[in-house]
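The chain contents come next:
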Amino acid sequence: MNIKLNKIARDTNFFLKKFIAKQNNSKLIPAMNYGLFPGGKKIRSKILIDIGSLLSIDYKTLIAIGAAVECIHAYSLIHDDLPCMDNDKIRRGKPSTHIKFGESTAVLAGNSLLTMAFEILASPSLKIKKKIQINLIKKLSECSGHLGIAGGQYLDLSYEKKKISKNKIIEMEIKKTGKLFSFCCVAPLIVANKYNKINKFKKIGEKIGLLFQIADDLIDFSGSTKLAGKKTRKDQAKGKATLISLLGYQNTIKYSKKLKLSIFNEINKYQKRSSDLKETIEFILKRAK
Ligand code: IPE
Ligand code: IPE
Ligand code: MG
Ligand code: MG
Ligand code: MG
């Protein structure tokens, strides 16, 4: 799994470096690069490639779409760490972007990465039909805006120090994290023009993203700052509404195992061909970072 992730990370970073190098220089590029490279696990790109290979989609196209996703993800992390949001000083084992470059530069570098994602999807380096490019852009904007990441982040902050129901916590985690995973599951279907399966894969993606966020919450609760590359044991201090704060640690582990099995049930019919995707889902729960 790590070998596969490392290859995807290398190929994605190579694509992004080339893409940025082709643009005119600007004073924001150092902060954008800082948030993007060396970068994180590239787990979203891995899901995109696992599903894309089920549909025999060209690897280079998947890497380009994954690069757009990683720009959105990197932007969301830069903003997530800002003092007005989670106020975190360490990210990916180094000082957060606003600590290194200042708040206003971090906000603007985040904005620039967000918009660069759509530039990538609209660029001719994606050798796919224009109609498909437009549909990818439409889907990625839906997953990033007020019904996706931004909306979920709003809920996450507004739920702090409040008693929130299980369903509301799940809805918030699906928005802030699940929607981008859902894009990764749906994008290959858009490229393959297989619209009849979109709803099914949208739901599978939301469940995988929910599982990912629950695992992140578990890492915050019991993981090591050194391994995670970000400060752990912060959610409780901030009064974040998580399944752990509502149900307790052990019950959340039980919930995550059930959720994993329910995802497996939905992909079992792809049998052997789904083995990479299953391996990625196992990794999501077992990881320490
Ligand atoms: C962290 O995401 C933020 C969440 C959505 C939980 P990742 O754990 O994928 O971050 P990197 O990219 O590997 O640093
Ligand atoms: C962040 O969730 C989700 C995003 C959309 C960025 P967290 O706030 O739990 O992510 P970490 O723990 O800071 O990486
Ligand atoms: Mg947060
Ligand atoms: Mg955070
Ligand atoms: Mg977290």
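Look up a bit, the structure's there.
Residues numbered from 1 in each chain as written. Chains lettered and ligands numbered in written order. Predicted model: local features only at pLDDT ≥ 70, side-chain atom pairs only at ≥ 80, totals over all residues. Heavy atoms only, no water.

Some details on the environment of Lys269
- Take Lys269: it is sitting in the loop between α14 (249–267) and α15 (275–286).
- Here the alpha-carbon distance between Lys269 and Glu206, two residues 63 residues apart in the chain, equals 19 Å. (Helix = DSSP H or I, 4+ residues; strand = E, 2+ residues; numbered from the N terminus.)

A short note on helix α3 (residues 43–54)
- The terminal C-alpha atoms of α3 lie 17 Å apart, and with 12 residues this matches the ideal 16 Å at 1.5 Å per residue to within 8%.
- Most of α3 sits out of view: 11 of its 12 residues are buried.
- Listed in full, the buried residues belonging to α3 are Ile43, Arg44, Ser45, Lys46, Ile47, Leu48, Ile49, Asp50, Ile51, Gly52 and Leu54.
- Buried-residue contacts for α3 involve α1 (2–21), α4 (59–80), α9 (166–191), α10 (198–222) and α15. (Expected span 1.5 Å × (residues − 1). Buried < 20%, exposed > 50% of the residue type's maximum accessible area, 1.4 Å probe, protein only. Contact = heavy atoms within 4.5 Å.)

Focus: the nonpolar core
- Grouped together as the largest cluster of nonpolar side chains are 87 residues, with contacts concentrated most on Leu136 and Ile208.
- For this core, the element with the highest residue contribution is α9, accounting for 14 residues.
- Leave out the neighbours within four places in its chain, and Ile208 touches Ile47, Phe181, Cys185, Ile263, Leu277, Ile281 and Ile284. (Core = buried A, V, L, I, M, F, W, Y, C linked by side-chain atoms within 4.5 Å.)

Some words on the pattern of salt bridges
- Here the structure, examined in full by the defined rule, presents 21 salt bridges.
- The partner of Glu279 in a salt bridge is Lys4, and the shortest N-O contact between them spans 2.8 Å. Residue Glu279 is located in helix α15, and its partner Lys4 is located in helix α1; the two are separated by 275 residues in the primary sequence.
- Given the relative accessible area of 27%, Glu279 is considered partly exposed.
- Under the relative-accessibility criterion, Lys4 is labelled partly exposed at 35%.
- Lys202 is the salt-bridge partner of Glu206, the closest N and O atoms lying 3.9 Å from each other. Separated by four residues within a single helix, Glu206 and Lys202 lie in helix α10, roughly one turn from each other. (Salt bridge = Lys/Arg side-chain N within 4 Å of Asp/Glu carboxyl O.)

Some points on the coordination of the magnesium ion (ligand 3)
- Taken together, Asp80 (OD) and Asp86 (OD) make up the protein donors of the magnesium ion (ligand 3), found 2.1 to 2.2 Å from the metal.
- On the basis of relative accessible area, Asp80 is assigned to the buried category, the value being 12%. (Donors = N, O, S within 2.8 Å, 3.2 Å for Na, K, Ca; no water.)

What to know about a positive patch on the surface
- A surface patch of like charges, here positive, comprises Lys18, Lys22, Lys60 and Lys127.
- By secondary structure assignment, the location of Lys127 is in the loop between α6 (103–122) and α7 (130–144). (Patch = residues over 30% accessible without salt bridge, like charges linked within 9 Å, V, L, I, M, F, W, Y side chains within 5 Å. Areas by Shrake-Rupley, 256 points an atom, 1.4 Å probe, with all protein chains shown as cover. Lys, Arg positive; Asp, Glu negative; His and termini not counted. Charge placed at Lys NZ, Arg CZ, Asp CG, Glu CD.)

Observations regarding the site of ligand 1
- Contacts to ligand 1 come from Gly40, Lys41, Arg44, His73, Leu77, Arg92, Thr177, Phe212, Gln213, Asp216, Lys230 and Arg287.
- The contact in question runs from an oxygen atom of ligand 1 to an N or O atom on the side chain of His73, over 2.7 Å.
- Of all the secondary-structure elements, those providing two or more residues to the shell around ligand 1 are α4 and α10.
- Top contributing element to the shell around ligand 1 by residue count: α10, with three residues.
- Within the shell around ligand 1, the residues separate by chemical class into two nonpolar, four polar and six charged. (Near = heavy atom within 4 Å. Polar contact = N/O pair within 3.5 Å; in protein donor to acceptor, adjacent residues only side chain to side chain. Nonpolar A, V, L, I, M, F, W, Y, C, P; charged D, E, K, R; others polar.)

Examining the state of the cysteines
- Following the criterion strictly, the structure yields zero disulfides and no others.
- The thiol of Cys184 is not disulfide-bonded; the next cysteine sulfur, from Cys185, is found 6.8 Å away. (Disulfide = S-S within 2.5 Å.)

Considering the site of ligand 2
- Taken together, the neighbourhood of ligand 2 is formed by Ser76, Leu77, Asp80, Asp86, Arg91, Ile149, Gln153, Lys176, Thr177, Gln213, Asp216 and Lys230.
- At a separation of 3.0 Å, an oxygen atom of ligand 2 approaches a polar side-chain atom of Asp80.
- Within the side chain of Gln213, an N or O atom sits 3.3 Å from an oxygen atom of ligand 2.
- Here ligand 2 has 390 Å² of accessible area as a free molecule, and 89% of this is covered by the chains.
- Secondary-structure elements contributing two or more residues to the shell around ligand 2 are α4, α8 (149–158), α9 and α10.
- Sort the elements by how many residues they give to the shell around ligand 2 and α4 lands first, with three residues.

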